Amino acid sequence: MNRFWWKESVVYQIYPKSFYDSNGDGIGDLQGIIAQIPYIDKLGVDIVWLNPIFQSPNDDNGYDISDYQAIDSDYGTMADFTELLDKLHEKNIRLVLDMVLNHTSDEHPWFQQARRSVDNPYRDFYIWKSGKEGNPPNNWTSFFGKSAWKYDELTQQFYLHIFSQKMPDLNWENPRLREKIYAMLRWWLEQGVDGFRLDSIGFLWKDPSFPDGSTECGGHALGEEHYVNQPKVHTYLQELHEEVFARYPDRVTMGELFMSTPQDVISFTGSTKKEIDLAIYFDILHIDMENHVWWSQRNWSLKELKKKVNTWQQSLHELGWCCQHFNSHDQPRSVSRFGDDKKYWYESASMLAVFLFTLEGTPFIFQGEEIGMTNPPFSAIEQYRDINTLNFYLEAKEKGRDLNQIMELIRFRSRDNSRTPLQWNHNLNAGFTSGQPWLEVNPDYLKINVDSQLKQKNSLFHFYRQLILVRKKHPALIYGSYVMIMEEDEEIFAYLRNWENKKYLVILNYSPYNTELKLPDFLNWETSELVISNYSFRQKDLFNNQLQPYEACVYLLKEN
Ligand code: TEU
Ligand code: CA
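Here goes a summary of the coordinates provided. (Residues numbered from 1 in each chain as written. Chains lettered and ligands numbered in written order. Predicted model: local features only at pLDDT ≥ 70, side-chain atom pairs only at ≥ 80, totals over all residues. Heavy atoms only, no water.)

1. Concerning the overall build of the chain
The secondary structure content of the chain amounts to 16 helices and 20 strands. Relative to the 2.2 N^0.38 estimate, which gives 24 Å for 560 residues, the radius of gyration of the chain is 24 Å and therefore close to what a compact globule would have. Its C-alpha atoms put the chain at 75 × 55 × 50 Å along the principal axes. A fraction of 70% describes how many contacts in the chain between residues 6 or more apart in sequence connect residues 24 or more apart. Of the roughly 21,600 Å² of accessible surface on the chain, 47% is carried by carbon and sulfur atoms. Taken together, the 57 basic and 78 acidic charged side chains of the chain have centroids lying 2 Å from each other. (Helix = DSSP H or I, 4+ residues; strand = E, 2+ residues; numbered from the N terminus. Rg over C-alpha atoms; globule rule 2.2 N^0.38 Å. Contact = heavy atoms within 4.5 Å. Areas by Shrake-Rupley, 256 points an atom, 1.4 Å probe, with all protein chains shown as cover. Lys, Arg positive; Asp, Glu negative; His and termini not counted. Charge placed at Lys NZ, Arg CZ, Asp CG, Glu CD.)

This is the structure:
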């Protein structure tokens, strides 16, 4: 197994808009992050991944970039950025930027040029097709609803946008475009950034014949089988690697691979031709979706989850590398989604954390996860800001669907669930801003906030600190093979991690009940050593085989 710093790191994802506002305009900013470096450092993470901070009209909160080499004025200046980078480096924390290469904003000068005429030198930076207004080139739909084609009056052609209308897709077939992108990436690497999270990176190659999508495919958008992780995308990523990252071998690339299978991840991260280092995958997170359909909800069982985790762990071992995450700026809060955000809030949040930190893969923490932030109890559509949520609501309204049901689904799935401001203390607006926050603060901040958890020795924050240390101290949890045990148990999730001559046992009670633990006989756990547990009684009473609700513990097994 090749050891790499980015495999042994813990990533902390910062959504700058909601992290900390330093100037009272209601929007988090770079000086706000700088002010909170001591907090990030205290948690003990190694890498900060910052969501996009580039100049943007913010149709999709920065994923619509209008200048790749300028900082959005909401967030600060290039000088603020350099200060942030230097100050993180002083603390030995690396900085990874979120780079969007599948599309730009329609306000990017390239697109402004491109749309002027069919023979404009920038025309081929984007994907244009002829057609009559109202009759798009194919049936593809956007991830944010409706047709993926927008008719442009001036030249009477359609352009492709997999995301919002204000986010035209770049044409990666064009070598001139690719050159510009490579130069821009090299420029950022020269500034000293430690790598990139590459947004929607599996989408760069689209079938040039643009066939209709099949309605049987499920998934997020019609047509995605013609551009998600297609074989030819590897050619682009290999060239990208050669032209950019091969020259900076100490940096890291984390590729967002939507809708990927373990084989996809291996093909991007593990092939002999270098592409990306680490894959951000979603298959496990999507267990509560109907056939990966975003706006859907389904019940799932623990056995199903075990099976998925087992497949991923077994398949990638020594062949590929991925993140382990339950949260991000796109996903609802994990304690509300996979745990219990009421009665067993602490227990279930800490159990989920133990789970992530004891799997092979790099653990990602999304801001606020370390204090157990929950989905906000929004009730009206006016409280939401996310374009994906608002488009979904509007479309449902147009179609005359039951809006109460729609709101229920939105409360469950909306991306704004994770985007509410970070809860710093019990003051006004949870201490996030002295102004009007851009998105409402979750009213549970009086109970859940950084300040109170820093003071409380047995808080979730301190548990995360401990877990981060545990993972560093026991490399078997990073590199060890994964062996599932008790496959049929419907409440307990248990597995072994073996590496060199060390064997670890992870036991998770994935239920709100007291549960009897019957381990297989071959496990010699009477002489084992407790590594970590989310219940303090366990420290004294090691071998009690009653598990408490959402109890999680890790043992180092002693061989005799
Ligand atoms: O996400 C890609 C993506 O396909 C989904 O996460 C998508 O946001 C989800 O299905 C909701 O429709 C990335 C970013 O993480 C996301 O925030 C951006 O909106 C998207 O790309 C466009 O850049
Ligand atoms: Ca601000």
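Don't stop here, the text continues.
2. Concerning the packing of helix H7 (residues 262-269) against helix H8 (residues 302-316)
Packing of H7 against H8 brings their axes to within 10 Å, and their N-to-C directions diverge by 30 degrees. In this view, H7 runs roughly parallel relative to H8, as classed from their interaxial angle. Where H7 crosses over H8, the handedness of that crossing is right-handed. Where H7 abuts H8, its residues Pro262, Val265 and Ile266 lie against Thr311, Trp312, Ser315 and Leu316. (Axes fitted to C-alpha atoms, helices over the stretch in contact; angles between N-to-C directions. Parallel < 35°, antiparallel > 145°, perpendicular 65-115°, else oblique. Left-handed = near helix turned anticlockwise from the far one by under 90°.)

3. Looking at the packing of helix H5 (residues 175-190) against helix H6 (residues 233-243)
Contact pair H5 / H6: the axes reach a minimum separation of 10 Å and the direction vectors enclose 45 degrees. One element, H5, and the other, H6, form an angle in the oblique class. The handedness of the crossing between H5 and H6 comes out as right-handed. For the pair H5 and H6, the contacting residues are Arg178, Glu179, Tyr182, Leu185 and Arg186 in the first and Tyr236, Glu239, Leu240 and Glu243 in the second. Taken together, the residues of the contact of H5 with H6 break down into four nonpolar, no polar and five charged. (Nonpolar A, V, L, I, M, F, W, Y, C, P; charged D, E, K, R; others polar.)

4. Details of the coordination of the calcium ion (ligand 2)
Donor atoms from the polypeptide that bind the calcium ion (ligand 2) are Asp21 (OD), Asn23 (OD1), Asp25 (OD), Ile27 (O) and Asp29 (OD), placed at 2.2 to 2.3 Å. Every donor residue of the calcium ion (ligand 2) comes from the same chain, spaced as D-x1-N-x1-D-x1-I-x1-D. Here Ile27 falls in the buried class, since its relative accessible area comes to 13%. (Donors = N, O, S within 2.8 Å, 3.2 Å for Na, K, Ca; no water. Buried < 20%, exposed > 50% of the residue type's maximum accessible area, 1.4 Å probe, protein only.)

5. Observations concerning the sheet that holds strand S7 (residues 149-152)
As summarised here, the arrangement of the three strands in space is S6-S8-S7, forming an open sheet in which the pairing is antiparallel. Edge positions in the sheet fall to strand S6 (128-130) and S7, since each has one partner strand and no second. The sheet shows a mean angle of 35 degrees between the axes of neighbouring strands, taken without regard to direction. (Pairing = 2+ DSSP bridges.)

6. As for the sheet that holds strand S5 (residues 94-100)
Overall, parallel pairing links the eight strands, which are arranged S11-S10-S9-S5-S2-S1-S13-S12 in an open sheet. Among the strands making up the open sheet, the edge pair consists of strand S11 (278-280) and strand S12 (323-324). By the bridge criterion, three bridges tie strand S1 (residues 11-14) to strand S13 (residues 362-366) in an arrangement that is parallel. Residue pairing across strands places Gln13 opposite Phe366, the latter belonging to S13. On top of the sheet, helix H3 (residues 78-90) reaches strand S2 (47-50) and S5; it is set at about 140 degrees to S5, its chief contact.

7. Describing helix H12 (residues 403-413)
If you check which residues of H12 are buried, you get Ile406, Met407, Leu409, Ile410 and Arg413. Buried positions in H12, seen along its axis, are confined to an arc of 160 degrees and lie on one side of it. Exposed residues pointing more than 90 degrees away from the buried face of H12 are listed as Asn404, Gln405 and Glu408. Summarising the contacts, the buried residues of H12 are in contact with helix H9 (334-337) and helix H11 (387-398). Its side-chain oxygen at 2.9 Å from the backbone nitrogen of Asn404, Asp402 defines the N-terminal cap of H12. (Arc of directions from axis to C-beta. Polar contact = N/O pair within 3.5 Å; in protein donor to acceptor, adjacent residues only side chain to side chain.)

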